[in-house]
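Structural description and commentary
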Amino acid sequence: MSDTQQQPTPVTPSHDPFDQGRIDTQTDRVIDRLIKPTGWLVLIVAVISVYEVVSRYGFNAPTKWVHETSTFLIAIVFLIGGARAMARNQHVTINLLQYLLPRDGRRALRLTNSFLMILICLGLVYVSALTAWTATHARPGLPFYLERSGTYWNPPYPGLTKVVMFIATVLLLIQSVAQFIHRVKHDNGERGEL
């Protein structure tokens, strides 16, 4: 290979696109720390599900609350988990096109991707805000009333789920803006994902 041809830049461990768990911004660190305890909700769901099975089949006394409660808790884990995956760089990415482009093209692609993520998050925040407002003001004439499930037990889980969805989309928007700023300042187009 001649000296004038540019050799591909090797992927370094700190910029390896498969380096899951890497946290780049202070915003991501804070969000990761705040969200980490929601993982315990999965254990709570497992425990109450075992309780339901023992109650139902061991004592012929099924519960009214386990199914809806476990569905609500897992919904929280999935909704908030998106922000944690984004904070830890554990979301699904397809980097094939990025590797085919020269350095400037890679940088432009990553910045465009980050900017589009902000636009998508803005739309999600808007829609989830409308949904959360409707779910928290479900009864005309009352200043605040959570939408309920309509089952025999009738918990306010649907309304709470929509509020959690709004919070999750706001977290994603904050992260998207922070990551866009980080990429503008630090992405030099090297291989790997910033």
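Just so it is clear, the structure is predicted and the values come from calculations on it, not from any experiment.

Definitions and cut-offs
- Residues numbered from 1 in each chain as written.
- Predicted model: local features only at pLDDT ≥ 70, side-chain atom pairs only at ≥ 80, totals over all residues.
- Heavy atoms only, no water.
- Helix = DSSP H or I, 4+ residues; strand = E, 2+ residues; numbered from the N terminus.
- Buried < 20%, exposed > 50% of the residue type's maximum accessible area, 1.4 Å probe, protein only.
- Contact = heavy atoms within 4.5 Å.
- Core = buried A, V, L, I, M, F, W, Y, C linked by side-chain atoms within 4.5 Å.
- Axes fitted to C-alpha atoms, helices over the stretch in contact; angles between N-to-C directions.
- Parallel < 35°, antiparallel > 145°, perpendicular 65-115°, else oblique.
- Left-handed = near helix turned anticlockwise from the far one by under 90°.
- Nonpolar A, V, L, I, M, F, W, Y, C, P; charged D, E, K, R; others polar.

Turning our eyes to something else, we now look at the overall build of the protein. Secondary structure assignment for the protein yields 6 helices and 0 strands. Ordering the α and β elements of the protein from the N terminus gives α-α-α-α-α-α. In the protein, which comprises 194 residues, the share counted as buried stands at 35%. Sequence separation of at least 24 residues holds for 72% of the intrachain contacts in the protein that already meet a minimum separation of 6.

The next thing to look at is the nonpolar core. Counting residues in hydrophobic clusters, the biggest one holds 20 residues, and the most contacted among them are I35, L73, I76, I80 and A83. Breaking this core down by element, the ones donating at least two residues are α1 (26–35), α2 (40–59), α3 (66–87), α5 (103–136) and α6 (157–186). The element that contributes the greatest number of residues to this core is α3, accounting for 7 residues. Those residues within four positions of I35 in sequence are excluded, and the remaining contacts are I80, A83, R84 and L171.

Attention now goes to the environment of A168. With respect to the secondary-structure elements, A168 resides in helix α6. A168 sits 84 residues away from R84 along the chain, and the two C-alpha atoms are 9.8 Å apart.

Relative to each other, α1 and α3 sit at 140 degrees, their axes nearing to 9 Å. Accordingly, the angle class assigned to the pair α1 and α3 is oblique. Relative to α3, the crossing made by α1 is left-handed. Of the residues in α3, those touching α1 at D28, I31, D32 and I35 are I80, A83, R84 and A87. The residue inventory of the contact of α1 with α3, partitioned by class, reads 5 nonpolar, no polar and 3 charged.

Phi is positive for N60, which is not a glycine, with a value near 50 degrees. You can see N60 is positioned in the loop between α2 and α3. Judged by its relative accessible area of 68%, N60 is exposed. The phi angle at N154 is positive, at roughly 60 degrees, despite the residue not being glycine. Note on placement: N154 falls in the loop between α5 and α6.

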